2 protein chains.
Amino acid sequence: MKLLILQEKLKQGLNIVERISSKSLTLPILNNILISTEKNFLNLSATDLEIGVRWWVLSKVEKQGSVTIPSRLLSSFVNLLPNGNVALESKNNNLSVKSDNYKTEIKGLSAEEFPIIPTIADGESISLDSLTFCRDLNQVADIPVPSTTRPEISGIYFSFQKNTITIAATDSFRLGEKRIFLKSSSSLTKEYSLILPQKTIKEIVNIFNEKPGELKMYFSPNQIMFECPMEETSHPQIQIISRLIEGDYPNYKEIIPKKYTTRLILDRNEFLNQVKTASLFSGKVNEIKIKVEPKSKKVNISSRSSELGDHQSFITGKIEGEPVEISFNHRFLLDGLQSIKTPEVIFELNNDSGPGVLKSPNDETYLYVVMPIKAT
Amino acid sequence: MKLLILQEKLKQGLNIVERISSKSLTLPILNNILISTEKNFLNLSATDLEIGVRWWVLSKVEKQGSVTIPSRLLSSFVNLLPNGNVALESKNNNLSVKSDNYKTEIKGLSAEEFPIIPTIADGESISLDSLTFCRDLNQVADIPVPSTTRPEISGIYFSFQKNTITIAATDSFRLGEKRIFLKSSSSLTKEYSLILPQKTIKEIVNIFNEKPGELKMYFSPNQIMFECPMEETSHPQIQIISRLIEGDYPNYKEIIPKKYTTRLILDRNEFLNQVKTASLFSGKVNEIKIKVEPKSKKVNISSRSSELGDHQSFITGKIEGEPVEISFNHRFLLDGLQSIKTPEVIFELNNDSGPGVLKSPNDETYLYVVMPIKAT
């Protein structure tokens, strides 16, 4: 392998694929990036066997070939090189890197040992707007927690129906659900339900978050692939392929309340701040109490700890329905409030023991269900 | 105690004194901030018994008194309160905090248990420019390392002579020395030598770093005090008082080379970058090799690790003197280069085993001595 590439381009690619390579002690090759040529493209790939990434760039290829090089070392190294042309050449299993004032030989491992990263050649695909999709994913991406007993809820659920995607995530204390409407040109012929690992979703957000443009999603029975095209060509620039989590996602729709006994419309930032303040005095159980007084149009937020002290604040807003007194874990309430970015939030309550629902008056596509702390 | 104060002011003060309060398990009172009134001033104080801090602000004092309150809790709490007036009132050992929509009682400890923070009432003082002094301290503040066997070099040495302060710090592998010239109006009648704890210096930098204006330094046999005045009054706003480290500072001047065999003037950023790049391949001993070839006006920087690979780069610059080949620990070289902010640096070498000296062509007040790695 022998080629010339601009430092800026190489750095860009390495910063993307480096994220995926793992720190495996049992399989050292997974710490490496596969550098290979495909005609006049340089290709960088990495995988942790759960997610795989491929990145391409046009370059002056003089000789085809491939090699694998430790990912963090190569990426740190190329980040520090001066702008301008970099000559890469494989020598046995090593990589020689030359630029203006630099001459370096980095030890690698044989490209033949590198695992094959699958691809999805046929099957249906849909087209998304990259930035919007990342913002949508962010509303649920942090909700799941790793679970060995219930692996299915450690992932994020996707349900595809014609031209709607519904995404859901839960950790059994709270649930987020987001609906995404596809362009009509991108509707599906079949329905798909699948569970994606949380890590995949976070990497998708990290990689495509600041990359405006089209993002394509390809389906296969065991895998899913995200792809964005290279500017001014039809060749892909980045492909992320991920395994799916097996199992059936719980019928979460059951726990979304169909009605409410009390409904609040509050200033989002003020409510958020008061929940944060109350959290300081909530003690070990994270409990904060919400008391709604429809007559005085006041919501009282309080917390108490025998060690720290006694706290209360109130917020006024639009209040409908019954008076109610109910306790929540402040962490779950805060996460919900933080996932809604509009100036006002709706908070629907169901007596003193039913789940609460947070949503935005300006956005019907998102809701966040939070379970109360039961009185003991 | 009963008073009114603006949230913004209180927040400002708490963010300063909170830094000093400790996380002591044996003496819980040290986790607290002492809140007290002094006529029409509110005073906040904290100490870890090594450093003490006092902060004052004018406020509407209705009733004199004092109380101590857990520092992190109070500071996090006040940070979250809305702008505007806050009413503070002590109730037994608790503090009641009331503002627009908030009503909170925080548990505290009796002010009588709080240690007395000493002050320096008489003795000499000098006047410094706060921002310049912090920038000067930053050139040496990170050099010392904690040492129980040689506590004197774990601190930063100050030598005061008439209108010059010389500051030095070392960890026995490298040494930084900075000279500061005082305004003639601020000259001293006696000479002082003292060793300040590294923590004190770092707190001084953190607190006064973004606070332009005058900083006064007061001397006493066992303590030193830094003070800045309150705007538009002669009352102090902040006082930091610190114990000194006992012992004699080593005669470090001995190790500063008086001459050199080779002298380089290099582009600072390029040199810094090449040292960083070489550091990636330096292996466990952190060794990078510098080879100076006066004939070709080239400095070759190289490193090698049997596991990672083989690296070299070169930099051109003004070179005087003998050819030389010498090894340094890249960490110590980098720290020195980072403490010099000018576009060019001077690097003076002494054969293949003498200490190197980094300085700036534009600033004779600072030098950084770095010991080489001896060939084994």
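Residues numbered from 1 in each chain as written. Chains lettered and ligands numbered in written order. Predicted model: local features only at pLDDT ≥ 70, side-chain atom pairs only at ≥ 80, totals over all residues.

Caption draft 1: Structural detail: the interface of chain B and chain A. Facing the 25 residues of chain B at the interface are 25 residues of chain A. Sorting the residues of the side of chain B that touches chain A by element identifies helix H2 (71-80), strand S9 (102-106), helix H5 (268-279) and strand S21 (309-316) of chain B as the ones contributing at least two each. Considering each element in turn, the side of chain B that touches chain A owes the most residues, 7 residues, to S21 of chain B. Split into classes, the residues belonging to the side of chain B that touches chain A amount to 9 nonpolar, 10 polar and 6 charged. Across 5 bridges, strand S9 (residues 102-106) of chain A lies against S21 of chain B in antiparallel orientation. Bridge assignment links Ile106 of chain A to a residue of S21 of chain B, and that residue is Gly309 of chain B. (Contact = placed C-beta atoms within 7 Å. Helix = DSSP H or I, 4+ residues; strand = E, 2+ residues; numbered from the N terminus. Nonpolar A, V, L, I, M, F, W, Y, C, P; charged D, E, K, R; others polar. Pairing = 2+ DSSP bridges.)

Caption draft 2: Representation of helix H5 (residues 268-279) of chain A in the model. With 12 residues, H5 of chain A extends 16 Å from end C-alpha to end C-alpha; this agrees with the ideal 16 Å at 1.5 Å per step. Of all the residues in H5 of chain A, the buried ones are Phe271, Gln274, Val275, Thr277, Ala278 and Ser279 of chain A. (Expected span 1.5 Å × (residues − 1). Buried ≥ 20, exposed ≤ 12 C-beta atoms within 10 Å, placed from the backbone.)

Caption draft 3: Up close: the domain arrangement of chain A. Residues and elements named next belong to chain A. Domain assignment breaks chain A into domain 1 (2-113), domain 2 (125-253) and domain 3 (256-370). Here domain 2 and domain 3 have C-alpha centroids that lie 29 Å from each other. Residue-level contacts link 10 residues of domain 2 with 12 residues of domain 3. In the side of domain 2 that touches domain 3, the residues fall into 2 nonpolar, 2 polar and 6 charged. (Domains from an automatic or database assignment.)

Caption draft 4: Summary view of the environment of Asp248 of chain B. All names here are of chain B. Within the secondary structure, Asp248 sits in the loop between strand S17 (236-243) and strand S18 (262-267). Asp248 gets classed as exposed once you count the C-beta atoms within 10 Å, which come to 9. When the C-alpha atoms of Asp248 and Ser282 are compared, they prove to be 36 Å apart, with 34 residues separating the residues in sequence.

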